[in-house]
Amino acid sequence: MSRVLIVGAGLTGSLCACLLRRELADRVQIVVWEKSRGAGGRMSTSRSPSNMSCTADLGAQYITSTPYYSKIHKSFYEELLQHDILKPLEATMEGMMLKDEASINYVTPSGMSSIVKHYLRESAGAEVFFGHHVTHVSRRGSGWEVCRKEGVPEQFDVVVLTMPVPQILQLQGDIGSLLKDSERQKLEAVSYSSRFALGLFYKAGVQISVPWAAKYVSNNPCIRYIAIDDKKRNLVSDKFGPSVVVHTSVPFGLQHVEKTLEEMQPVILQELQKLMPELPEPENIKCQKWRYSQDAPLEPETESRLGVSFRLSDSQQRPAEGLTGVR
(Lines give C-alpha, C1' and ligand atoms only; values in the text may rest on other atoms or scores of the structure.)
Protein backbone atom coordinates (compact mmCIF):
# COMPACT_ATOMS: atom_id res chain seq x y z
CA MET A 1 0.00 0.00 0.00
CA SER A 2 1.39 3.40 -0.99
CA ARG A 3 1.85 5.96 1.77
CA VAL A 4 1.04 9.52 0.68
CA LEU A 5 1.85 12.66 2.67
CA ILE A 6 -0.13 15.83 1.98
CA VAL A 7 1.52 18.90 3.50
CA GLY A 8 -1.12 21.48 4.38
CA ALA A 9 -4.72 21.12 5.59
CA GLY A 10 -6.23 23.99 3.66
CA LEU A 11 -8.63 23.74 0.73
CA THR A 12 -6.14 22.17 -1.65
CA GLY A 13 -4.78 19.66 0.86
CA SER A 14 -8.20 18.57 2.09
CA LEU A 15 -9.61 18.23 -1.43
CA CYS A 16 -6.53 16.28 -2.51
CA ALA A 17 -7.03 13.85 0.40
CA CYS A 18 -10.72 13.46 -0.47
CA LEU A 19 -10.12 12.77 -4.15
CA LEU A 20 -7.33 10.30 -3.42
CA ARG A 21 -9.63 8.38 -1.08
CA ARG A 22 -12.49 8.34 -3.56
CA GLU A 23 -10.25 7.25 -6.43
CA LEU A 24 -8.01 4.72 -4.65
CA ALA A 25 -10.20 3.64 -1.71
CA ASP A 26 -8.18 1.50 0.70
CA ARG A 27 -5.24 1.08 -1.68
CA VAL A 28 -3.52 4.15 -0.27
CA GLN A 29 -2.61 5.38 3.22
CA ILE A 30 -3.23 9.12 3.40
CA VAL A 31 -1.42 11.30 5.95
CA VAL A 32 -1.99 15.07 6.27
CA TRP A 33 0.45 17.33 8.14
CA GLU A 34 -0.60 20.87 9.01
CA LYS A 35 1.71 23.27 10.84
CA SER A 36 -1.15 25.26 12.41
CA ARG A 37 -3.42 24.17 15.26
CA GLY A 38 -6.40 23.55 13.01
CA ALA A 39 -7.57 23.01 9.44
CA GLY A 40 -8.48 25.73 6.99
CA GLY A 41 -5.41 27.68 5.96
CA ARG A 42 -6.57 30.85 4.24
CA MET A 43 -10.11 29.49 4.65
CA SER A 44 -9.90 29.20 8.43
CA THR A 45 -12.80 30.27 10.66
CA SER A 46 -12.02 31.98 13.97
CA ARG A 47 -14.14 31.69 17.11
CA SER A 48 -14.67 34.02 20.01
CA PRO A 49 -12.96 32.68 23.15
CA SER A 50 -16.03 33.79 25.11
CA ASN A 51 -18.63 32.10 22.90
CA MET A 52 -17.57 29.43 20.41
CA SER A 53 -20.78 29.98 18.43
CA CYS A 54 -19.64 33.51 17.57
CA THR A 55 -17.43 33.04 14.51
CA ALA A 56 -15.69 35.08 11.83
CA ASP A 57 -13.96 34.26 8.57
CA LEU A 58 -10.72 36.25 8.58
CA GLY A 59 -9.51 34.92 5.22
CA ALA A 60 -11.63 34.18 2.15
CA GLN A 61 -14.97 35.99 2.37
CA TYR A 62 -17.11 34.26 -0.23
CA ILE A 63 -16.77 31.97 -3.24
CA THR A 64 -17.36 33.29 -6.73
CA SER A 65 -18.54 30.72 -9.24
CA THR A 66 -17.91 32.04 -12.74
CA PRO A 67 -19.66 30.36 -15.68
CA TYR A 68 -16.39 28.64 -16.62
CA TYR A 69 -15.71 27.31 -13.14
CA SER A 70 -19.36 26.41 -12.62
CA LYS A 71 -19.03 24.12 -15.62
CA ILE A 72 -15.69 22.42 -14.92
CA HIS A 73 -16.31 22.18 -11.14
CA LYS A 74 -20.03 21.44 -11.36
CA SER A 75 -19.86 18.26 -9.24
CA PHE A 76 -17.99 20.06 -6.43
CA TYR A 77 -20.50 22.89 -6.22
CA GLU A 78 -23.44 20.46 -6.35
CA GLU A 79 -21.97 18.40 -3.52
CA LEU A 80 -21.37 21.40 -1.26
CA LEU A 81 -24.83 22.80 -1.97
CA GLN A 82 -26.44 19.44 -1.31
CA HIS A 83 -24.77 19.29 2.13
CA ASP A 84 -25.84 22.90 2.88
CA ILE A 85 -22.18 23.91 3.17
CA LEU A 86 -22.65 26.55 0.49
CA LYS A 87 -25.56 28.98 0.25
CA PRO A 88 -26.09 31.76 -2.29
CA LEU A 89 -24.90 35.15 -1.07
CA GLU A 90 -28.09 37.19 -0.68
CA ALA A 91 -26.98 39.91 1.74
CA THR A 92 -26.29 43.50 0.68
CA MET A 93 -22.65 44.00 -0.38
CA GLU A 94 -22.07 47.73 -0.73
CA GLY A 95 -19.47 48.72 -3.31
CA MET A 96 -19.14 45.25 -4.83
CA MET A 97 -18.09 45.36 -8.48
CA LEU A 98 -19.78 42.71 -10.61
CA LYS A 99 -17.26 41.64 -13.23
CA ASP A 100 -19.58 39.03 -14.72
CA GLU A 101 -23.36 39.19 -14.40
CA ALA A 102 -23.57 35.40 -14.81
CA SER A 103 -21.29 34.66 -11.83
CA ILE A 104 -22.81 33.42 -8.58
CA ASN A 105 -21.42 34.26 -5.15
CA TYR A 106 -21.72 31.78 -2.29
CA VAL A 107 -21.22 32.02 1.46
CA THR A 108 -20.69 29.31 4.05
CA PRO A 109 -23.19 29.47 6.96
CA SER A 110 -20.84 27.49 9.21
CA GLY A 111 -17.73 29.35 8.12
CA MET A 112 -15.22 28.87 5.32
CA SER A 113 -13.42 26.13 7.23
CA SER A 114 -16.57 23.99 6.89
CA ILE A 115 -15.58 23.29 3.27
CA VAL A 116 -12.14 22.07 4.33
CA LYS A 117 -13.57 19.98 7.17
CA HIS A 118 -16.10 18.41 4.80
CA TYR A 119 -13.36 17.19 2.48
CA LEU A 120 -11.27 15.91 5.37
CA ARG A 121 -14.27 13.91 6.58
CA GLU A 122 -14.74 12.57 3.07
CA SER A 123 -11.13 11.34 3.08
CA ALA A 124 -12.26 8.75 5.63
CA GLY A 125 -9.34 7.12 7.36
CA ALA A 126 -6.86 9.84 6.53
CA GLU A 127 -4.52 10.56 9.44
CA VAL A 128 -4.54 14.31 10.08
CA PHE A 129 -1.90 15.83 12.36
CA PHE A 130 -1.71 19.45 13.46
CA GLY A 131 1.39 21.25 14.71
CA HIS A 132 3.54 19.39 12.15
CA HIS A 133 5.88 21.90 10.52
CA VAL A 134 7.82 20.35 7.62
CA THR A 135 11.47 21.45 7.26
CA HIS A 136 13.13 18.86 4.96
CA VAL A 137 11.98 16.73 2.03
CA SER A 138 14.70 14.34 0.83
CA ARG A 139 14.82 11.60 -1.77
CA ARG A 140 15.37 8.12 -0.29
CA GLY A 141 15.48 5.43 -2.95
CA SER A 142 12.13 5.37 -4.70
CA GLY A 143 10.45 7.24 -1.85
CA TRP A 144 10.81 10.34 0.31
CA GLU A 145 12.01 11.12 3.82
CA VAL A 146 10.23 14.05 5.43
CA CYS A 147 11.45 15.85 8.56
CA ARG A 148 9.55 18.27 10.74
CA LYS A 149 10.62 20.65 13.50
CA GLU A 150 9.82 18.14 16.22
CA GLY A 151 9.63 14.39 15.84
CA VAL A 152 11.54 11.70 13.96
CA PRO A 153 11.79 11.62 10.12
CA GLU A 154 9.12 9.56 8.35
CA GLN A 155 9.10 7.75 5.02
CA PHE A 156 6.51 8.24 2.27
CA ASP A 157 6.04 7.04 -1.29
CA VAL A 158 4.53 10.32 -2.47
CA VAL A 159 4.61 13.85 -1.05
CA VAL A 160 2.12 16.55 -2.12
CA LEU A 161 3.02 20.12 -1.13
CA THR A 162 0.13 22.58 -0.91
CA MET A 163 1.72 25.51 0.93
CA PRO A 164 2.52 28.90 -0.69
CA VAL A 165 5.36 28.76 -3.21
CA PRO A 166 7.90 30.74 -1.11
CA GLN A 167 7.52 28.16 1.67
CA ILE A 168 8.08 25.32 -0.81
CA LEU A 169 11.27 26.95 -2.06
CA GLN A 170 12.50 27.37 1.53
CA LEU A 171 12.32 23.64 2.23
CA GLN A 172 15.65 21.95 2.82
CA GLY A 173 16.59 18.62 1.27
CA ASP A 174 16.27 17.65 -2.38
CA ILE A 175 13.36 19.77 -3.60
CA GLY A 176 15.62 22.48 -5.00
CA SER A 177 17.90 20.09 -6.88
CA LEU A 178 14.96 18.30 -8.50
CA LEU A 179 13.58 21.47 -10.06
CA LYS A 180 14.68 22.47 -13.54
CA ASP A 181 15.97 26.04 -13.85
CA SER A 182 12.90 26.98 -15.90
CA GLU A 183 10.58 25.52 -13.24
CA ARG A 184 12.38 27.34 -10.44
CA GLN A 185 12.23 30.62 -12.33
CA LYS A 186 8.49 30.27 -12.81
CA LEU A 187 7.96 29.44 -9.15
CA GLU A 188 10.13 32.34 -8.03
CA ALA A 189 8.09 34.63 -10.27
CA VAL A 190 4.90 33.88 -8.32
CA SER A 191 4.03 36.91 -6.22
CA TYR A 192 1.59 37.30 -3.36
CA SER A 193 -0.46 40.08 -1.89
CA SER A 194 -0.32 40.61 1.87
CA ARG A 195 -2.87 42.05 4.24
CA PHE A 196 -3.95 42.19 7.85
CA ALA A 197 -7.37 41.16 9.10
CA LEU A 198 -9.26 41.89 12.31
CA GLY A 199 -12.05 39.88 13.84
CA LEU A 200 -14.22 41.70 16.39
CA PHE A 201 -16.48 39.49 18.51
CA TYR A 202 -19.48 40.82 20.48
CA LYS A 203 -21.74 39.63 23.27
CA ALA A 204 -25.20 38.32 22.52
CA GLY A 205 -27.74 41.12 22.24
CA VAL A 206 -25.37 43.72 20.80
CA GLN A 207 -26.78 45.49 17.74
CA ILE A 208 -24.71 46.86 14.86
CA SER A 209 -27.07 49.01 12.86
CA VAL A 210 -25.77 49.43 9.33
CA PRO A 211 -27.74 48.95 6.07
CA TRP A 212 -25.21 46.53 4.61
CA ALA A 213 -23.73 43.15 5.47
CA ALA A 214 -20.38 43.96 3.88
CA LYS A 215 -18.85 47.08 2.43
CA TYR A 216 -15.91 47.81 0.16
CA VAL A 217 -14.08 50.95 1.29
CA SER A 218 -12.40 53.18 -1.28
CA ASN A 219 -11.50 56.29 0.69
CA ASN A 220 -9.29 54.97 3.49
CA PRO A 221 -5.51 54.41 3.33
CA CYS A 222 -5.69 51.36 5.57
CA ILE A 223 -9.05 49.56 5.35
CA ARG A 224 -10.45 48.06 2.16
CA TYR A 225 -13.30 45.87 3.40
CA ILE A 226 -15.65 45.58 6.39
CA ALA A 227 -18.21 42.84 6.96
CA ILE A 228 -20.80 42.14 9.62
CA ASP A 229 -19.84 38.52 9.20
CA ASP A 230 -22.82 36.80 10.81
CA LYS A 231 -25.17 39.03 8.81
CA LYS A 232 -23.29 38.26 5.58
CA ARG A 233 -23.75 34.54 6.28
CA ASN A 234 -27.38 35.02 7.42
CA LEU A 235 -26.57 33.75 10.92
CA VAL A 236 -28.19 36.35 13.15
CA SER A 237 -29.16 34.70 16.46
CA ASP A 238 -29.96 35.68 20.04
CA LYS A 239 -27.61 32.93 21.27
CA PHE A 240 -24.46 34.75 20.21
CA GLY A 241 -23.44 38.25 19.29
CA PRO A 242 -22.39 39.67 15.93
CA SER A 243 -18.88 39.53 14.54
CA VAL A 244 -17.12 42.10 12.40
CA VAL A 245 -14.35 41.35 9.90
CA VAL A 246 -11.95 44.03 8.70
CA HIS A 247 -9.43 43.58 5.88
CA THR A 248 -6.72 46.08 5.10
CA SER A 249 -5.83 47.04 1.56
CA VAL A 250 -3.02 45.20 -0.19
CA PRO A 251 -0.73 48.27 -0.41
CA PHE A 252 -1.14 48.82 3.33
CA GLY A 253 -0.47 45.15 4.01
CA LEU A 254 2.65 45.06 1.87
CA GLN A 255 3.95 48.26 3.45
CA HIS A 256 3.61 46.90 6.99
CA VAL A 257 4.03 43.14 6.43
CA GLU A 258 7.11 42.91 8.68
CA LYS A 259 5.38 44.58 11.61
CA THR A 260 3.88 42.59 14.47
CA LEU A 261 0.21 42.03 15.18
CA GLU A 262 0.62 43.97 18.41
CA GLU A 263 1.85 46.97 16.43
CA MET A 264 -0.81 46.84 13.74
CA GLN A 265 -3.98 46.05 15.71
CA PRO A 266 -4.33 49.53 17.29
CA VAL A 267 -3.57 51.20 13.95
CA ILE A 268 -6.34 49.29 12.18
CA LEU A 269 -8.77 49.86 15.07
CA GLN A 270 -8.10 53.60 14.91
CA GLU A 271 -8.94 53.68 11.21
CA LEU A 272 -12.05 51.56 11.82
CA GLN A 273 -13.20 54.08 14.43
CA LYS A 274 -13.01 56.83 11.81
CA LEU A 275 -15.17 54.82 9.42
CA MET A 276 -17.63 53.49 12.02
CA PRO A 277 -17.53 55.88 15.03
CA GLU A 278 -20.64 54.33 16.60
CA LEU A 279 -19.34 50.76 16.49
CA PRO A 280 -19.74 49.17 19.95
CA GLU A 281 -16.77 48.00 22.01
CA PRO A 282 -16.08 44.32 21.19
CA GLU A 283 -15.75 41.62 23.81
CA ASN A 284 -12.78 40.02 22.02
CA ILE A 285 -10.49 40.93 19.12
CA LYS A 286 -8.28 38.76 16.94
CA CYS A 287 -5.66 40.17 14.59
CA GLN A 288 -4.38 38.05 11.69
CA LYS A 289 -1.51 38.63 9.27
CA TRP A 290 -1.84 37.04 5.84
CA ARG A 291 1.71 37.23 4.49
CA TYR A 292 0.70 35.04 1.55
CA SER A 293 -2.86 36.22 1.20
CA GLN A 294 -3.39 35.68 -2.49
CA ASP A 295 -1.24 34.70 -5.43
CA ALA A 296 -1.06 36.89 -8.50
CA PRO A 297 -2.44 35.51 -11.78
CA LEU A 298 -0.15 32.98 -13.43
CA GLU A 299 0.54 32.34 -17.07
CA PRO A 300 -1.41 29.34 -18.44
CA GLU A 301 1.71 27.18 -18.81
CA THR A 302 2.67 27.78 -15.19
CA GLU A 303 -0.87 27.09 -13.98
CA SER A 304 -0.90 23.74 -15.72
CA ARG A 305 2.14 22.65 -13.74
CA LEU A 306 1.03 24.04 -10.41
CA GLY A 307 -2.64 23.12 -10.47
CA VAL A 308 -5.70 25.16 -9.68
CA SER A 309 -8.60 24.62 -7.30
CA PHE A 310 -11.68 26.69 -6.38
CA ARG A 311 -11.80 30.37 -7.16
CA LEU A 312 -12.18 32.34 -3.96
CA SER A 313 -13.08 35.99 -3.65
CA ASP A 314 -11.00 38.06 -1.29
CA SER A 315 -11.62 41.51 0.06
CA GLN A 316 -9.91 43.16 -2.92
CA GLN A 317 -12.57 41.79 -5.33
CA ARG A 318 -10.19 39.61 -7.36
CA PRO A 319 -10.83 35.88 -7.77
CA ALA A 320 -7.89 33.77 -6.61
CA GLU A 321 -6.54 30.38 -7.57
CA GLY A 322 -5.73 27.88 -4.82
CA LEU A 323 -2.11 26.80 -5.25
CA THR A 324 -1.47 23.08 -4.98
CA GLY A 325 2.33 23.06 -5.07
CA VAL A 326 4.88 21.20 -7.17
CA ARG A 327 4.02 17.84 -8.61
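Source: prediction; values computed, not measured. (Residues numbered from 1 in each chain as written. Predicted model: local features only at pLDDT ≥ 70, side-chain atom pairs only at ≥ 80, totals over all residues. Heavy atoms only, no water.)

**Details of the pairing of strand β11 (residues 143-148)**
Line of reasoning, step 1. Counting buried positions over the six residues of β11 gives six, a clear majority of the element.
Line of reasoning, step 2. In terms of strand pairing, strand β10 (residues 134-140) meets β11 through six bridges, oriented antiparallel. Among the inter-strand pairings, R139 is bridged to a residue of β11, identified as W144.
Line of reasoning, step 3. Inspection of the sheet shows β11 paired to strand β12 (residues 154-156) by three bridges, in the antiparallel sense. Bridge assignment links W144 to a residue of β12, and that residue is F156.
Line of reasoning, step 4. Hairpin connection between β11 and β12: a loop of five residues separates the two successive antiparallel strands, and G151 in this loop has a positive phi of roughly 115 degrees. (Buried < 20%, exposed > 50% of the residue type's maximum accessible area, 1.4 Å probe, protein only. Helix = DSSP H or I, 4+ residues; strand = E, 2+ residues; numbered from the N terminus. Pairing = 2+ DSSP bridges.)

**Notes on the nonpolar core**
Line of reasoning, step 1. Counting 28 residues, the largest nonpolar core has I6, I30, M43, I63, L86, I115 and Y119 as its most contacted members.
Line of reasoning, step 2. Where this core is concerned, the elements lending two or more residues are β1 (2-7), α1 (11-24), β2 (28-34), α3 (74-82) and α4 (113-122).
Line of reasoning, step 3. Once residues lying within four places of it in the same chain are set aside, the contact partners of I115 are L11, M43, I63, L80, I85, L86 and T108.
Line of reasoning, step 4. F196, L198, L200 and Y202 belong to the second largest nonpolar core, which has 21 residues in total. (Core = buried A, V, L, I, M, F, W, Y, C linked by side-chain atoms within 4.5 Å. Contact = heavy atoms within 4.5 Å.)

**Thoughts on the confidence of the model for the protein**
Line of reasoning, step 1. Per-residue confidence for the protein gives a mean pLDDT of 90; residues scoring 70 or more make up 90%.
Line of reasoning, step 2. Every residue in residues 299-314 is under pLDDT 50, and counting partners more than four places away or in other chains gives 60 contacts.
Line of reasoning, step 3. Scored below 50 in pLDDT, residues 318-327 makes 47 contacts in the model with residues more than four places away or belonging to other chains. (pLDDT = per-residue confidence, 0-100.)

**Here we look at the sheet that holds strand β15 (residues 192-201)**
Line of reasoning, step 1. Taken in spatial order, the six strands make up an open sheet running β7-β16-β17-β18-β15-β19, and their pairing is mixed. Each end of this open sheet is capped by a strand with a single partner; those strands are β7 (93-94) and β19 (284-295).
Line of reasoning, step 2. Bridge count for strand β16 (residues 214-216) against strand β17 (residues 223-228) is three bridges, and the pairing is antiparallel. Looking at the pairing, K215 lines up with I226 of β17.
Line of reasoning, step 3. Across the sheet, helix α10 (residues 261-275) lies against β15, β17, β18 (243-248) and β19, angled at about 70 degrees from β15, the strand it touches most. (Axes fitted to C-alpha atoms, helices over the stretch in contact; angles between N-to-C directions.)

**Points about the sheet that holds strand β14 (residues 172-173)**
Line of reasoning, step 1. A sheet is described by the order of its strands in space; here four strands give the open sequence β12-β11-β10-β14, paired in mixed fashion. In the strand order of this sheet, the two ends are held by β12 and β14, each with one partner.

**Some points on the side chain of T45**
Line of reasoning, step 1. Assignment of secondary structure puts T45 in strand β3 (residues 45-47).
Line of reasoning, step 2. In this structure the side chain of T45 is engaged in a polar contact, spanning 2.7 Å, whose partner is the side chain of D57.
Line of reasoning, step 3. A polar side-chain atom of T45 sits 3.0 Å from the main-chain amide nitrogen of S113.
Line of reasoning, step 4. Filtering out sequence-adjacent residues up to four positions away, T45 remains in contact with T55, A56, D57, G111, M112 and S113. (Polar contact = N/O pair within 3.5 Å; in protein donor to acceptor, adjacent residues only side chain to side chain.)

**Focus on the packing of α3 against α4**
Line of reasoning, step 1. Contact pair α3 / α4: the axes reach a minimum separation of 12 Å and the direction vectors enclose 100 degrees. Put simply, α3 runs roughly perpendicular to α4. Contacts from F76, E79 and L80 in α3 reach I115, H118, Y119 and E122 in α4.
Line of reasoning, step 2. In the contact of α3 with α4, the residues fall into four nonpolar, one polar and two charged. (Parallel < 35°, antiparallel > 145°, perpendicular 65-115°, else oblique. Nonpolar A, V, L, I, M, F, W, Y, C, P; charged D, E, K, R; others polar.)

**Observations regarding α1**
Counting along an α-helix, one turn takes 3.6 residues, and residues three or four places apart therefore face a common direction.
Line of reasoning, step 1. Here α1 is 14 residues long and its end C-alpha atoms lie 20 Å apart, about the 20 Å a rise of 1.5 Å per residue gives.
Line of reasoning, step 2. In the segment just after α1, A25 is the residue with positive phi, at about 50 degrees. (Expected span 1.5 Å × (residues − 1).)

**Examining the packing of α1 against α4**
Line of reasoning, step 1. At a minimum axis distance of 8 Å, the contact between α1 and α4 shows a crossing angle of 25 degrees. When the interaxial angle is binned, α1 and α4 end up roughly parallel. Crossing geometry of α1 relative to α4 is assigned as left-handed. In this structure, α1 contributes L11, S14, L15, C18, R21 and R22 to the contact, and α4 contributes I115, V116, Y119, L120 and E122. (Left-handed = near helix turned anticlockwise from the far one by under 90°.)

**Some details on the environment of T260**
Line of reasoning, step 1. Summarising the element assignment, T260 is placed in the loop between α9 (250-255) and α10.
Line of reasoning, step 2. Here T260 falls in the partly exposed class, since its relative accessible area comes to 37%.
Line of reasoning, step 3. Separated by 27 residues in sequence, T260 and C287 have C-alpha atoms that sit 9.8 Å apart.

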